[in-house]
Amino acid sequence: MPTTPPPAETVEFGRDRDLTVRGFTLEVVEGAPPASVRSSGGQCAIGSHPLNGLVVDDPTVSRFHCELVGDARGVRVRDLGSKNGTILDGVRVHDAEPKDGSLVRLGRAVVRIGLAAEPQALRLSTKARFGGLVGDSTALRACFAMLERAAATTATVLIDGETGTGKGAMAEAIHVESARKDKPFVIVDCGAMSPTLLDSELFGHEKGAFTGAERARVGAFEEADGGTLFLDEIGELPLDLQPKLLRVLENREVRRLGQNTRRPVDFRLIAATNRDLRGEVNAGRFRSDLYYRLAVVKITAPPLRSRPEDLPALCRAILGGLGASAAELAAMTTPEVLARLAGSAWPGNVRELRNYLERSLVLEGPAPLAPLTDGDRPGGAMAIDPSLPYAEARRRMLDEFERGYAEAVLKAHGGKVAAAARAAGIARYSFYRLLRRGDGDPSPER
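Our subject in this report is the structure included herewith. (Residues numbered from 1 in each chain as written. Predicted model: local features only at pLDDT ≥ 70, side-chain atom pairs only at ≥ 80, totals over all residues. Heavy atoms only, no water.)

### As for the pattern of salt bridges
Oppositely charged side chains may form a pair once their charged atoms are brought near each other. Keep this limit in mind: Salt bridges, as used here, are contacts in which a Lys or Arg side-chain nitrogen is within 4 Å of a carboxyl oxygen on Asp or Glu. In this description a helix means any DSSP run of H or I spanning at least four residues, a strand means any run of E spanning at least two, and both kinds are numbered starting from the N terminus. Buried residues are those whose accessible area, probed at 1.4 Å on protein chains only, stays under 20% of the maximum for their type, while exposed residues exceed 50% and partly exposed ones sit between those limits.
One pass over the full model with this rule turns up 19 salt bridges. Between K244 and D199 there is a salt bridge, with the nearest N and O atoms lying 3.0 Å from each other. Remark: D199 occurs in helix 3 (residues 195–203) and K244 occurs in helix 5 (residues 242–251); sequence separation between them is 45 residues. Classification of K244 as buried rests on a relative accessible area of 18%. The salt bridge involving R278 is made with D276; its shortest N-O contact spans 3.1 Å. When its relative accessible area of 29% is taken as the criterion, D276 is described as partly exposed. Through salt bridges with shared partners, one network takes in E67, D276 and R278.

Have a look at this one:
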């Protein structure tokens, strides 16, 4: 939860905080074949799927059961929507802090956690900018280090993170910094169209392949030949299209709708989602084998609340892009304003910050940052249902925020979707998808 920021003169923005993470070891001690692992990078998932850092071969263990995440402050255990739950020292938990020697029960299997006495150095980039991304925080520089390594290869990349964290900008930055930078960068939003249209958008079609197909159409895979295909909101991809995507990834061949022959394609795939696909795999909404092919390199976009030290550079970059004058830039980046911004939770992350700064320019001064009241929220208060698992409760509240945010921006721009989408800093089809959250585009039920 966000805390009240210190006085403006004591707010520190710098490069040298949290440069280490707490390491740990994991060892299966009961109920499954012996296995052990030592953490590298401060994060390790546990489950029966081969992509886990610690693979536990037992049918009572979910494919992605739980994960351990270490930072400079310690280590936490987080359940990933497992079927049988995560039991830490006899207590079922969703997110908790273990002790050295704690035992985690996953179905029949038991894993012992050992906490390292000495912290591990975190690999950071020396840059404060990568493509269109700006920031000097430890969290973002660690992310930059991953992006740099990804750009140097042609490996498939999966970017996850909350809405508004810049996943699309990361995908484009990887492309721009790669050897494919002079080739096409093709974007497809998997949540913005019906399954039939998405099928045609991805794979193309021949004339007469379906009603309304009056001419042949090249699909996104062929359009991205030689370059990069970015599949945004991959978690929204319908189950019946997932095997087709998997075949293209495995064979590097595509067949248009209504055609028998296959065409070879040379593309680099980057996918992004604001859902935890490991939980979606556990729930049967996302194919395990497709996740295996997508998560060759997995990068998590850090939320804005975890990197308040990036606010000065972010505000200057956003205000510059909005055409702010030198006087407006100075007024919006005073220590007092930055301290207030650092105290906000920013549930919409950088996208919400951009909207706030644009509103402040219109108002000719820093706009208020008062918290939302129940009456301000769409449909009243965001009630928390304690009967839901953490991941599902969070997803529902996020859907509600996205729709409420889109409706507010749309209202501020007189109902003009094109203007509202520009103000939000997203494509028009993505803005339509935000408007459908909680209505025509509900989160799947468990």
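### As for the layout of surface pockets
Put simply, the rule reads: Definitions used throughout: a 1 Å grid over protein atoms alone; a cavity as a set of points that fits a 1.4 Å probe which cannot get out; a pocket as an open set with protein on both sides within 12 Å along at least five of seven lines; a lining residue as one with an atom within 4 Å of a point. Grid points are joined across faces, edges and corners, and a volume is the space filled by probe spheres set on the points.
Roughly 1000 Å³ of volume is contained in the second largest pocket. For the lining of the second largest pocket, the elements supplying multiple residues, two or more each, are strand 15 (133–134), helix 2 (167–176), strand 17 (185–189), strand 18 (228–232), helix 8 (311–321), helix 11 (349–363) and helix 14 (428–436).

### Points about the environment of G81
Among the structural elements, G81 can be located in the loop between strand 7 (74–79) and strand 8 (86–88). Owing to a relative accessible area of 18%, G81 belongs among the buried residues under this scheme. Residues G81 and D276, 195 residues apart in the sequence, show an inter-C-alpha distance of 9.4 Å.

### Quick word on the sheet that holds strand 18
We count it as follows: In this scheme, strands are said to pair when DSSP sees at least two bridges between them. Axis geometry follows a simple rule: fit a line to the C-alpha atoms, using only the stretch in contact for helices, then measure angles between N-to-C directions, giving values from 0 to 180 degrees.
With parallel pairing, the 5 strands of this open sheet are ordered in space as 17-18-21-16-22. Each edge of the open sheet is held by one strand with a lone partner, namely strand 17 and strand 22 (297–300). Geometrically, the sheet is characterised by an average inter-axis angle of 20 degrees between neighbouring strands, direction not taken into account. With 4 bridges connecting them, strand 18 and strand 21 (residues 268–273) associate as parallel partners. Along strand 21, the bridge assignment pairs F230 with I270.

### Description of the nonpolar core
Nonpolar side chains in soluble globular proteins tend to end up buried together. Using the following cut-off: For this analysis, a nonpolar core means a set of buried residues of the types Ala, Val, Leu, Ile, Met, Phe, Trp, Tyr and Cys, connected via side-chain atoms within 4.5 Å. Whether two residues touch is decided by their heavy atoms; if any such pair falls within 4.5 Å, the residues are in contact.
Within the largest apolar cluster, 33 residues are counted, with the highest numbers of intra-cluster contacts made by F221, L229, L231, I234 and L237. Those elements that place two or more of their residues in this core are strand 17, helix 3, helix 4 (220–223), strand 18, helix 5, strand 21, helix 6 (277–282) and helix 7 (288–294). The element contributing the most residues to this core is helix 5, with 4 residues. Ignoring anything within four residues of it in the chain, the contact list for I234 reads L158, C190, L245, A271, A272, T273, L277, F286 and L294. Counting residues in hydrophobic clusters, the runner-up holds 22 residues, among them L26, V28, V75 and I113.

### Topic: empty space enclosed by the protein
Vacant regions in the atomic arrangement are exposed by a probe of water-molecule size rolled over the atoms. Under the convention used in this document: When residues are sorted by character, Ala, Val, Leu, Ile, Met, Phe, Trp, Tyr, Cys and Pro go into the nonpolar class, Asp, Glu, Lys and Arg into the charged class, and all the rest, Gly among them, into the polar class.
Inspection of every chain in the model, using the stated rule, returns 1 cavity of 30 Å³ or more. Looking at the largest cavity, the residues that line it are T163, G348, R351, E352, F401, E402, Y405 and L434. Secondary structure elements with two or more residues in the lining of the largest cavity: helix 11 and helix 12 (390–412). When residues in the lining of the largest cavity are grouped by element, the largest group, 3 residues, is from helix 12. For the lining of the largest cavity, a count of residues per class yields 3 nonpolar, 2 polar and 3 charged.

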